[in-house]
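Topology and contacts: notes
Listed here are the chains, written in short residue letters.
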Amino acid sequence: MGKVEEFEELRPLLFSIAYRMLGSVSEAEDAVQETWLRYDASSTVPESPKAFLSATVTRIAIDVLRSARVRREEYVGPWFPEPLLDDPYEDPERAAELADSVSMAALLLLERLSPLERSVFVLREVFGFGFDEIASAVDRTEAACRQLLVRARRHMHDGRPRFEADRAERQELAARFFDALKGGDVDGLRSVLAADVRMVGDGGGKAPQLARAIVGADSVAKLLAVVFPRMAQVAITFEPHDVNGQPGAVFRDRDGKVLHTLGLDIVDGRIQMIRSVINPDKLAHLGPVADAWAINDQVRAARRG
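In what follows, the accompanying structure is described. (Residues numbered from 1 in each chain as written. Predicted model: local features only at pLDDT ≥ 70, side-chain atom pairs only at ≥ 80, totals over all residues. Heavy atoms only, no water.)

1. A word on the overall build of the chain
The condition is simple: Only DSSP runs of H or I reaching four residues or more are called helices, and only runs of E reaching two or more are called strands; each is numbered from the N terminus. Radius of gyration means the value over C-alpha atoms here, while the globule rule gives 2.2 Å times the residue count to the 0.38 power. Burial status follows relative accessibility: with a 1.4 Å probe on protein chains alone, a residue under 20% of its type maximum counts as buried, one over 50% as exposed, and anything between as partly exposed. Residue contacts are defined here by distance: any two heavy atoms, one from each residue, within 4.5 Å place the two residues in contact.
Helix and strand counts for the chain come out as 12 helices and 6 strands. Computed over the C-alpha atoms, the radius of gyration of the chain is 21 Å, within 12% of the 19 Å expected from 2.2 N^0.38 for a compact globule of 305 residues. Oriented by its inertia axes, the alpha-carbon framework of the chain measures out at about 70 × 35 × 35 Å. Counting only residues that meet the buried cut, the chain has 49% of its 305 residues in that class. Considering only contacts within the chain whose residues lie at least 6 apart along the sequence, 66% involve residues at least 24 apart.

2. Focus on the pairing of strand β6 (residues 270–277)
Each regular strand carries side chains that alternate between the two faces of the sheet. Quick note on the threshold: For two strands to pair, DSSP has to find at least two bridges joining them.
Here β6 lies mainly inside the structure; 6 of its 8 residues are buried. Here strand β1 (residues 193–202) pairs with β6 via 6 bridges, running parallel. Note on β6: the bridge partner recorded for L193 is I271. As defined by bridge partners, strand β5 (residues 258–267) adjoins β6 across 7 bridges and the pair is classed as antiparallel. Residue V267 lies in a different strand from β6, and its bridge partner there is R270. Hairpin connection of β5 to β6: 2 residues between the antiparallel strands, including D268 at a positive phi of 55 degrees.

3. What to know about the packing of helix α6 (residues 115–126) against helix α7 (residues 131–138)
Cut-off, in case you're wondering: All axes here are fitted lines through C-alpha atoms, helices being fitted over the stretch that makes contact, and every angle between N-to-C directions spans 0 to 180 degrees. Note on terminology: angles under 35 degrees are roughly parallel, angles over 145 are roughly antiparallel, angles of 65 to 115 are roughly perpendicular, and the others are oblique. In this scheme the handedness of a crossing depends on how the near helix is turned from the far one: anticlockwise by less than a right angle means left-handed, clockwise means right-handed. Each residue is assigned to one of three groups, with Ala, Val, Leu, Ile, Met, Phe, Trp, Tyr, Cys and Pro labelled nonpolar, Asp, Glu, Lys and Arg labelled charged, and all others, Gly among them, labelled polar.
Relative orientation of the contacting elements α6 and α7 amounts to 150 degrees, with a least axis distance of 10 Å. One way to sum up the angle between α6 and α7 is to call them roughly antiparallel. Note that α6 runs across α7; the crossing there is right-handed. Listed contacts from α7 to L116, S119, V120, L123 and R124 of α6 are F131, I134, A137 and V138. The residue inventory of the contact of α6 with α7, partitioned by class, reads 7 nonpolar, 1 polar and 1 charged.

4. Topic: the pairing of β5
Taking burial as the measure, the 10 residues of β5 include 10 buried ones, the bulk of the element. Both strand β4 (residues 248–252) and β5 contribute to a ladder of 5 bridges, which runs antiparallel. The residue bridging V250 from the neighbouring strand is T261, located in β5. Hairpin remark: β4 followed by β5, antiparallel, with 5 residues in the connecting loop; positive phi at G256, about 85 degrees.

5. Here's the deal with the sheet that holds strand β2 (residues 214–215)
An order of β2-β1-β6-β5-β4-β3 is seen for the 6 strands of this open sheet, with the pairing classed as mixed. One side of each edge strand has no neighbouring strand; the edge strands of this open sheet are β2 and β3 (237–240). Note: β3 against β4, 4 bridges, orientation antiparallel. Within the sheet, the bridge partner assigned to E239 lies in β4 and is V250. The sheet contacts of helix α9 (residues 167–183) involve β1, β3, β4, β5 and β6, and relative to β5 the element is tilted by about 130 degrees.

6. Examining the pattern of salt bridges
The criterion, for reference: A side-chain nitrogen of Lys or Arg and a carboxyl oxygen of Asp or Glu constitute a salt bridge if their distance falls within 4 Å.
Counted according to the given criterion, the structure contains 15 salt bridges. For D187, the salt bridge identified is with R190, shortest N-O distance 2.7 Å. Taken together, the residues span about one helical turn, with D187 and R190 both in helix α10 (residues 186–192) at a distance of 3 residues. Taking the relative accessible area as the measure of exposure, R190 reaches 29% and is therefore partly exposed. R275 serves as the salt-bridge partner of D265, at 2.6 Å between the closest nitrogen and oxygen. With D265 in strand β5 and R275 in strand β6, the pair connects residues that are 10 residues apart, well separated along the chain. In terms of burial, D265 and R275 fall into one category: buried.

7. A word on the side chain of T261
Its location among the elements puts T261 in strand β5. Sequence-distant contacts of T261, that is, excluding residues within four places in its chain, are made with P83, A249, V250, R275, S276, V277, L283 and L286.

8. Some points on the packing of helix α1 (residues 3–22) against helix α2 (residues 25–41)
The interhelical angle for the contact between α1 and α2, taken along N-to-C directions, is 140 degrees, at an axis separation of 8 Å. As for the relative orientation of α1 and α2, their crossing is right-handed in sense. From α1, K3, V4, E6, F7, R11, L14, F15, A18, Y19 and L22 reach across to α2, where they touch V25, E27, A28, E29, A31, V32, T35, W36, Y39 and D40. Considering only residue class, the contact of α1 with α2 consists of 13 nonpolar, 1 polar and 6 charged.

The following block contains the structure:
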């Protein structure tokens, strides 16, 4: 197998590693492309292309993470990862780890870790790499990597999400939520929300967003029941779709352009968290992006009408 074929076979894995490291589709794609350039320019023939390429994309992601810290600190409002609709990498033996690790909740927990802790946790806990491979990737001893993993597990354990295990039950609950949303049904919405549900939006200062988190089933249900019918008046529609491995939807304007995504965290048979990503910079990989400010003006006009 030639270099191109080897790389293309491993591309889904490399992207999945980079995305979990960076929380950004665009940055993950850039990291994978840089990995190819380095691989193509290398005159050495690695014994294991998988180990070599995984180590390379990990090192690139670590460098990007270190430079991204300041940008994250200066971000306007809550920061969420770029929404991922489909994870290209599949491994039946690690399906549970892969699904849990790509959720918004898990990626936000990973933000607590240092770049080295994050890389060790992702490579070991999510993808099952050996400590010898991890040590080579992060340029540390195996003993040091084991210590990094212990610290990472401790940070992750405290806030690890407990999602609804049964996929069919999650989808059924999400369907009830979106049916109630479409109909502006306050009681229907309230029936699927946890008592302490939170709704938070990420606009990054580049799109209309909630001034603060909305907390409580009654408050969230009433707000949604008022807002979506008004959005429907200006031809906003949505299509249910998994967002970061959890039930959600993609909202579009009358021209089919992406307005925002909505993701649901379902815990103990109720929706615990609703996250909306409306920052246009984080939606470009999904297709043409709608003008959220213009739509906001249209919704306001519909409300006055």
